[in-house]
Amino acid sequence: MSFVHFRISTGIAAAVLPVIFVLSFVASAQGTLSGIDKANGKPGALTQVVAYKGEPESGKPITLLVFTAKDQGKDPKAAFNALFGKYGDAIVVKVFPDGKVYSTDVRHSALDIGPVPSATVFDVVQIKDYEAAGGEISGRVMGKTDIRGQPWEVDLTFQTKAP
């Protein structure tokens with residue numbers, strides 16, 4: 001009887017372990033995120049960050065840090081789709097290998113920016129304590145400005161897998 005119990009336990013383990021492995025892989029791919037994204041005094045609902053390889057800017061490689069409120073899944077166009085509302089509130093930061101920010105795209109439900117889906121800001125956001133090593137990227141994204149006369153600020157600490 002214990003032999004049957006062992007076979008059932010092994011069968012359950014064989015079914016459950018791949019699910020646990022996949023969930024832990026997805027969670028690690030999404031990274032960790034804490035802090036604020038606020039527009040017009042209202043907090044955003046960002047829950048995850050994923051890094052993607054972007055197109056070069058000024059002849060230098062770019063990493064896209066895509067912060068979103070909803071799960072990006074395995075969307076190869078997550079950065080683009082995030083700015084059109086597919087994942088709720090979103091911030092897409094284009095960063096050079098040295099941690100200098102090229103530009104930041106912002107989509108926040110509390111911003112009234114007319115018919116355009118998102119706003120691009122330059123020379124506003126910076127990343128403090130940027131580190132890209134061991135297959136991971138981490139740092140603190142910070143910035144504050146007015147977007148079409150509306151206050152917006154970000155202060156997010158993150159860690160995610162490198163693309």
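Here, every reference points to the structure presented above.
Residues numbered from 1 in each chain as written. Predicted model: local features only at pLDDT ≥ 70, side-chain atom pairs only at ≥ 80, totals over all residues. Heavy atoms only, no water.

Colleague: A description of the environment of Ala-78 should follow, citing residues and the corresponding values.
Modeller: Structurally, Ala-78 is set in helix H2 (residues 78-82). Distance from Ala-78 to Val-50, taken between C-alpha atoms, is 9.0 Å for residues 28 residues apart in sequence. Beyond its immediate chain neighbours, meaning those up to four positions away, Ala-78 contacts Tyr-52, Val-66, Gln-72 and Tyr-87. (Helix = DSSP H or I, 4+ residues; strand = E, 2+ residues; numbered from the N terminus. Contact = heavy atoms within 4.5 Å.)

Colleague: Give me the lowdown on the pattern of salt bridges, citing residues and values where you can.
Modeller: Inspection of every chain in the model, using the stated rule, returns four salt bridges. Close ionic contact of Glu-153 with Lys-38 constitutes a salt bridge, the shortest N to O distance being 3.9 Å. One end of the pair, Glu-153, is in strand E10 (residues 150-161); the other, Lys-38, is in strand E1 (residues 32-39), and 115 residues separate them in sequence. In this structure, Asp-155 engages Arg-140 in a salt bridge whose closest nitrogen and oxygen atoms are separated by 2.6 Å. On the criterion of sequence distance, the pair formed by Asp-155 in strand E10 and Arg-140 in strand E9 (residues 136-147) is long-range, its members being 15 residues apart. Under the relative-accessibility criterion, Asp-155 is labelled partly exposed at 22%. Residue Arg-140 is classed as partly exposed on the basis of its relative accessible area, which comes to 32%. (Salt bridge = Lys/Arg side-chain N within 4 Å of Asp/Glu carboxyl O. Buried < 20%, exposed > 50% of the residue type's maximum accessible area, 1.4 Å probe, protein only.)

Colleague: Talk me through the environment of Asp-98; I want residue IDs and the actual numbers.
Modeller: For Asp-98, the position within the fold is in the loop between strand E5 (90-95) and strand E6 (101-107). Look at Asp-98 and you get exposed, because its relative accessible area is 58%. Along the primary structure Asp-98 and Ala-132 are separated by 34 residues, whereas in three dimensions their C-alpha atoms are 8.6 Å apart. Within polar-contact distance, the side chain of Asp-98 engages the backbone nitrogen of Lys-100 at 2.9 Å. (Polar contact = N/O pair within 3.5 Å; in protein donor to acceptor, adjacent residues only side chain to side chain.)

Colleague: Would you mind going over the sheet that holds E6 in detail, with residue names and values included?
Modeller: One open sheet accounts for five strands, arranged E3-E4-E5-E6-E7; its pairing is antiparallel. A strand with exactly one partner marks an edge of an open sheet, and here the two such strands are strand E3 (48-57) and strand E7 (119-121). Averaged over all neighbouring strand pairs, the angle between strand axes comes to 20 degrees, with direction disregarded. Looking at chain direction, E6 and E7 are connected through three bridges and run antiparallel. Bridged to Val-106 within E7 is Ala-119. (Pairing = 2+ DSSP bridges. Axes fitted to C-alpha atoms, helices over the stretch in contact; angles between N-to-C directions.)

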